[in-house]
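Spelled out, the chains give:
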Amino acid sequence: MLRFLTAGESHGRGLVAIVEGMPSGMSLIAEDINPDLKARQGGYGRGGRMKIESDQVQILSGVRWGQTLGSPIALLIENKDFANWETKMSVHPEHRDPTIAIQEPRPGHADLVGLLKYNRPDIRDILERASARETAARVAVGAVCRKLLQQFSIESVSHVVSIGTVVAPVQSLTFEEIRARQAASDLKCADPKAEMTMKVAIDLAKHEGDSLGGVVEVRVKGLPVGLGSHVHWDRKLDGKLAQSLMSIQAIKGVEIGLGFQSAFLDGSKVHDEISTDGSVFLRLSNNAGGLEGGMTTGEDLVLRAAMKPIATLQRPKKTINPFTKQPASASTERSDVCAVTAAAVVAEAATLFTVAQAFCEKFGGDSLKEMKRNFDLYCEQIRHFPEDLP
Ligand SMILES: Cc1cc2nc3c(=O)[nH]c(=O)nc-3n(C[C@H](O)[C@H](O)[C@H](O)COP(=O)(O)O)c2cc1C
């Protein structure tokens, strides 16, 4: 079973991830992970924090001489900004300073509920962990999973479909077209014209002390038929992917394939007809987004996630100071105006982890060699269907 844990506060010493269940014998170096960390920090509309941090991973364990050992892989991303927070985020009791407590919960954040639930005297005790800085650790984990899936020719791409009311007309683009175009875009948007309008919208929001959300899309190609299962609710891959994406900070909706649009169409316009080229089974369209009955069909996985606008506003909303019960203005942490581009990178990482987890469940082995053997035998069985039926 592939699993991971993360730890770390936004302005603490650093972020840690432990990935358990990776097979041995896979090559892995920090440079396999760092480009994804850099991509997460990019995007027009990011705040000052991204200028301070330039994330680099340190692989602390689970790898020897550039190869995984099958033991837990521990990853560390140091927070460069910690130098400015050493006493404010210190673990030592002698640094305690109640005068710096944040007392004005921001609407749309974990601030108030976390304060009440964890019974804390300072909102910083909540916002430091609720912050999307944690997604740097998730992106590092996703990069390790990308490396595993690449061994089986599985590839992914993510891109920005909309920001605010500006929608990029990208429905008809192929995987390769999206990959090339998003790489050339500051916003990870595959339509240059829409990108320009999105930048104007971000500038306007910034000028007005406001913020913007948007929609991101993740595609995965090269998947075998049958990851996930129809037999039980918690084995369905569509459900697992939705959970994985929904758990990303500020994601408020997840779609697979046609998603919500399918509810407005006749069945005849939704369901993908089945065909074959003689050896493999195909779908004549991919409205299902590569999943039927909670299992991969072999078509590209197509997932979309909706991100709400950033909740820390430079023109803050009204709130209540929960200590005095008096009206107040929400606190203004340093913040992004729009982080949809970063959310696309995080969504891709979350997808890669969940797909890798399903992959390990199906083809699991202690070594990469054993996994490849299991994978090849299964692919052969699918190719030769209906031979060798029981
Ligand atoms: C990549 C990324 C960057 C984010 N940056 C910010 C930010 O700078 N300021 C902010 O208020 N929220 C930011 N968020 C969103 C908050 O972390 C999130 O809204 C908050 O923790 C409350 O969680 P919820 O929206 O899931 O309920 C970001 C989210 C992501 C995915």
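About the criteria used
- Residues numbered from 1 in each chain as written.
- Predicted model: local features only at pLDDT ≥ 70, side-chain atom pairs only at ≥ 80, totals over all residues.
- Heavy atoms only, no water.
- Helix = DSSP H or I, 4+ residues; strand = E, 2+ residues; numbered from the N terminus.
- Rg over C-alpha atoms; globule rule 2.2 N^0.38 Å.
- Buried < 20%, exposed > 50% of the residue type's maximum accessible area, 1.4 Å probe, protein only.
- Lys, Arg positive; Asp, Glu negative; His and termini not counted.
- Charge placed at Lys NZ, Arg CZ, Asp CG, Glu CD.
- Near = heavy atom within 4 Å.
- Polar contact = N/O pair within 3.5 Å; in protein donor to acceptor, adjacent residues only side chain to side chain.
- Areas by Shrake-Rupley, 256 points an atom, 1.4 Å probe, with all protein chains shown as cover.
- Nonpolar A, V, L, I, M, F, W, Y, C, P; charged D, E, K, R; others polar.
- Core = buried A, V, L, I, M, F, W, Y, C linked by side-chain atoms within 4.5 Å.
- Contact = heavy atoms within 4.5 Å.
- Arc of directions from axis to C-beta.
- 1 Å grid on protein atoms, 1.4 Å probe; cavity = no way out; pocket = protein on both sides within 12 Å on 5 of 7 lines; lining within 4 Å.
- Points joined across faces, edges and corners; volume = space filled by probe spheres on them.
- Pairing = 2+ DSSP bridges.
- Axes fitted to C-alpha atoms, helices over the stretch in contact; angles between N-to-C directions.
- Parallel < 35°, antiparallel > 145°, perpendicular 65-115°, else oblique.
- Left-handed = near helix turned anticlockwise from the far one by under 90°.
- Phe/Tyr/Trp six-rings, centres within 6.5 Å; stacked < 30°, edge-to-face > 60°.

1. Here's the deal with the overall build of the chain
Move 1: Assigned secondary structure in the chain consists of 10 helices and 17 strands.
Move 2: In terms of C-alpha radius of gyration, the chain reaches 22 Å, essentially the compact-globule figure of 21 Å for 390 residues.
Move 3: For the chain, the spread of C-alpha atoms along the three principal axes comes to 75 × 50 × 40 Å.
Move 4: Residues classed as buried in the chain amount to 47% of the 390 residues present.
Move 5: Computed over 46 positive and 48 negative side-chain charges, the inter-centroid distance for the chain is 4 Å.

2. Observations regarding the site of the ligand
Move 1: The environment of the ligand is formed by 17 residues, the closest being H109, K308, T312, S335 and D336.
Move 2: One of the side-chain N or O atoms of H109 is found 2.7 Å from an oxygen atom in the ligand.
Move 3: For the ligand, whose free accessible area comes to 630 Å², the fraction covered by protein is 85%.
Move 4: Split by residue class, the shell around the ligand holds nine nonpolar, five polar and three charged.

3. Focus on the nonpolar core
Move 1: Counting residues in hydrophobic clusters, the biggest one holds 84 residues, and the most contacted among them are M22, L75, L148, I163, M198 and F359.
Move 2: Residue contacts for M198: discarding those within four places in its chain leaves V160, V161, S162, I163, V166, A168, L187 and C189.

4. What about unusual backbone geometry?
Move 1: Here the bond from F385 into P386 is cis, since omega is 10 degrees, no more than 30 degrees from zero.
Move 2: Inspection of the secondary structure puts P386 in the segment after α10 (368-383).
Move 3: Its identity is not glycine, yet W65 carries a phi of approximately 50 degrees, on the positive side.
Move 4: Here W65 is to be found in the loop between β4 (63-64) and β5 (67-68).
Move 5: A residue is classified by how much of its surface remains accessible, and W65, at 76% relative accessible area, is exposed.
Move 6: Although it is not a glycine, D388 adopts a positive phi angle of roughly 55 degrees.

5. Topic: helix α8 (residues 237-246)
Move 1: Those residues of α8 that sit buried are L237, L241, S244 and L245. An end-on view of α8 places all buried positions within 95 degrees of arc, on one side of the element.
Move 2: Contacts made by the buried residues of α8 are with α5 (135-150), β10 (251-256), β13 (291-292), β14 (295-296), β15 (301-307) and α9 (340-363).

6. Some details on empty space enclosed by the protein
Move 1: Counting across every chain of the model gives one cavity of 30 Å³ or more.
Move 2: The space that makes up the largest cavity amounts to roughly 40 Å³.
Move 3: A class-by-class count of the residues in the lining of the largest cavity yields five nonpolar, two polar and two charged.

7. Examining the sheet that holds strand β6 (residues 73-78)
In a beta sheet, neighbouring strands pair by backbone hydrogen bonds and run either parallel or antiparallel.
Move 1: Reading across the sheet, the four strands line up as β1-β2-β6-β3 and stay open at both edges, with antiparallel pairing between neighbours. Looking along the sheet, the strands with just one partner apiece sit at the ends: β1 (3-7) and β3 (57-61). The average undirected angle you get between the axes of adjacent strands in this sheet is 20 degrees.
Move 2: Helix-sheet contacts for α5 involve β1, β2 (14-20) and β6, and the interaxial angle to β6 is about 140 degrees.

8. Comments concerning the pairing of β1
Move 1: As paired strands, β1 and β2 are joined by five bridges and run antiparallel to one another. Paired with F4 across the two strands is V19, which belongs to β2.
Move 2: Following β1, the chain reverses through six residues before pairing antiparallel with β2; G8 in that reversal takes a positive phi of roughly 130 degrees.

9. Thoughts on the packing of α5 against α9
Move 1: Axis separation between α5 and α9 bottoms out at 8 Å; the angle between their running directions is 50 degrees. It follows that α5 is oblique to α9 by the angle criterion. The two elements α5 and α9 cross, and the hand of that crossing is left-handed. Between α5 and α9, the residues in contact are T135, R138, V139, V141, G142, C145, R146, L148 and L149 and V345, V346, E348, A349, L352, F353, V355, A356, F359 and C360, respectively.
Move 2: Partitioned by chemical class, the residues of the contact of α5 with α9 number 14 nonpolar, two polar and three charged.

10. Describing the packing of aromatic side chains
Move 1: If you walk through the whole model with that rule in mind, you get seven aromatic pairs.
Move 2: Their ring planes at 55 degrees and their centres at 4.6 Å tell us that F152 and F359 sit as a pair that is tilted. Of this pair, F152 sits in the loop between α5 and β7 (155-163) while F359 sits in helix α9; the two residues are 207 residues apart in sequence, bridging distant segments of the chain. F359 matches F152 in its accessibility class, with the two residues each being buried.
Move 3: Ring geometry for F152 and F375: centres 5.0 Å apart, planes at 70 degrees, overall edge-to-face. Highlighted residues: F152 in the loop between α5 and β7 and F375 in helix α10, separated in sequence by 223 residues.

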